[in-house]
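Summary of the model geometry
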Amino acid sequence: MRTVRTGRVNRVLLALVGLLLLAAGGSVLAVGLGAPAPRRWIHSGPHDVLLGTAERTRWRDAGWWWPAVIAGLAVLVLLALWWLAAILRRRRPAEILVDTGDGEGALLRGAALESALAEDAARQPGVADAEVLLAGRRTRPGVRAGLRLEPAMDPGAALSEFTASPLARARESAGLASLPAEVRLRAVRHRAERVS
């Protein structure tokens, strides 16, 4: 499922950035409090500045320096904004609008439909486990499902059973005209059987 992978990538990237910032800040703090600085370290003692006058003015006269610095910082800002927008953008509908026939409508929690559909799919014969995520908009939702099949299960039969039973029941119970689905099938790993 793409949402799960994106969440894992975000956690790993945030952990790496956090560790990098923690190590850099901790080392500068330790040297500032009097710990001995390693060789070739940019900060040599508690009264030293991180960027001295020589470092700050070294490339000032070069015509390419400031455009390169500004371009690099602009790229970093754009990447950070893109990452933030990707995290904040909701890919899953929290609620589904159900037509009740009286012109008012009702709201069905997306998590409830995901859970019910996953449990129903996991009860299928030959299905070991099922994951279901909603996608799309609340007026036209779709389903992304992952079915883990037992070793002897025919994938075509499992897919037909899923679309005919659990998916059809979910569509009817939510009062939806259609409920498109993307289904990924995987086999459960098992030990090789010994033949004698």
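Refer to the preceding data block for the structure.
Notes on the structure in this doc start here. (Residues numbered from 1 in each chain as written. Predicted model: local features only at pLDDT ≥ 70, side-chain atom pairs only at ≥ 80, totals over all residues. Heavy atoms only, no water.)

So, the side chain of aspartate 120
Its location among the elements puts aspartate 120 in helix H4 (residues 110-122). Engagement of the side chain of aspartate 120 in a polar contact is seen with the side chain of arginine 169, the distance being 2.9 Å. Residues contacting aspartate 120, with those up to four places away along its chain left out, are Pro166 and Arg169. (Helix = DSSP H or I, 4+ residues; strand = E, 2+ residues; numbered from the N terminus. Polar contact = N/O pair within 3.5 Å; in protein donor to acceptor, adjacent residues only side chain to side chain. Contact = heavy atoms within 4.5 Å.)

Observations concerning the nonpolar core
If you look at soluble globular proteins, the nonpolar side chains tend to sit buried side by side. Counting residues in hydrophobic clusters, the biggest one holds 20 residues, and the most contacted among them are Leu117, Val132, Val143, Leu147, Phe162, Leu167 and Leu179. When residues of this core are traced back to their parent elements, those giving at least two are H4, strand S3 (127-136), strand S4 (141-149), helix H5 (155-164) and helix H6 (166-174). Among all residues touching valine 143, those that are not within four sequence positions of it are Leu117, Val132, Leu133, Leu134, Leu167, Leu179, Pro180, Ala181 and Glu182. (Core = buried A, V, L, I, M, F, W, Y, C linked by side-chain atoms within 4.5 Å. Buried < 20%, exposed > 50% of the residue type's maximum accessible area, 1.4 Å probe, protein only.)

Focus on the sheet that holds S3
Pairing within the open sheet is mixed, and its 3 strands lie in the order S3-S4-S5. Each edge of the sheet is formed by a strand with only one pairing partner; in this case those strands are S3 and strand S5 (181-187). For this sheet, the mean inter-axis angle between neighbouring strands, taken without regard to orientation, is 15 degrees. Pairing geometry for S4 and S5, over 7 bridges, is parallel. Residue leucine 149 lies in a different strand from S5, and its bridge partner there is alanine 187. Set on the sheet, H4 makes contact with S3 and S4; between it and S3 the angle comes to about 150 degrees. (Pairing = 2+ DSSP bridges. Axes fitted to C-alpha atoms, helices over the stretch in contact; angles between N-to-C directions.)

Some remarks on a nonpolar patch on the surface
Together, Val77, Leu78, Leu81, Leu84, Ile87 and Leu88 give the surface a local cluster of nonpolar side chains, amounting to about 600 Å² of exposed area. Note that valine 77 resides in helix H3 (residues 65-88). Exposure remark for valine 77: the relative accessible area of 49% places this residue in the partly exposed category. (Patch = residues over 30% accessible without salt bridge, like charges linked within 9 Å, V, L, I, M, F, W, Y side chains within 5 Å. Areas by Shrake-Rupley, 256 points an atom, 1.4 Å probe, with all protein chains shown as cover. Salt bridge = Lys/Arg side-chain N within 4 Å of Asp/Glu carboxyl O.)

Focus: the pairing of S4
Within S4, 7 of the 9 residues are buried, which leaves the element mostly enclosed by the surrounding structure. Both S3 and S4 contribute to a ladder of 9 bridges, which runs antiparallel. The residue of S4 that forms the bridge with alanine 130 is leucine 147.

Comments concerning H4
Taking 1.5 Å of rise per residue, 13 residues should cover 18 Å, and H4 covers 18 Å from first to last C-alpha, within 8% of that figure. Contacts from the buried residues of H4 go to strand S1 (95-98), strand S2 (106-109), S3, S4, H5 and H6. (Expected span 1.5 Å × (residues − 1).)

Some words on the pattern of salt bridges
Tallied over the entire structure, the rule returns 4 salt bridges. Of the charged contacts in the structure, one is a salt bridge between arginine 123 and aspartate 120, with a shortest N-O distance of 3.9 Å. A salt bridge links arginine 148 to aspartate 129, with the shortest nitrogen-to-oxygen separation between them at 3.9 Å. Here arginine 148 is found in strand S4, whereas its partner aspartate 129 is found in strand S3, with 19 residues between them in sequence. Among the ionic contacts, a cluster of salt bridges with common partners joins Asp120, Arg123 and Arg169.

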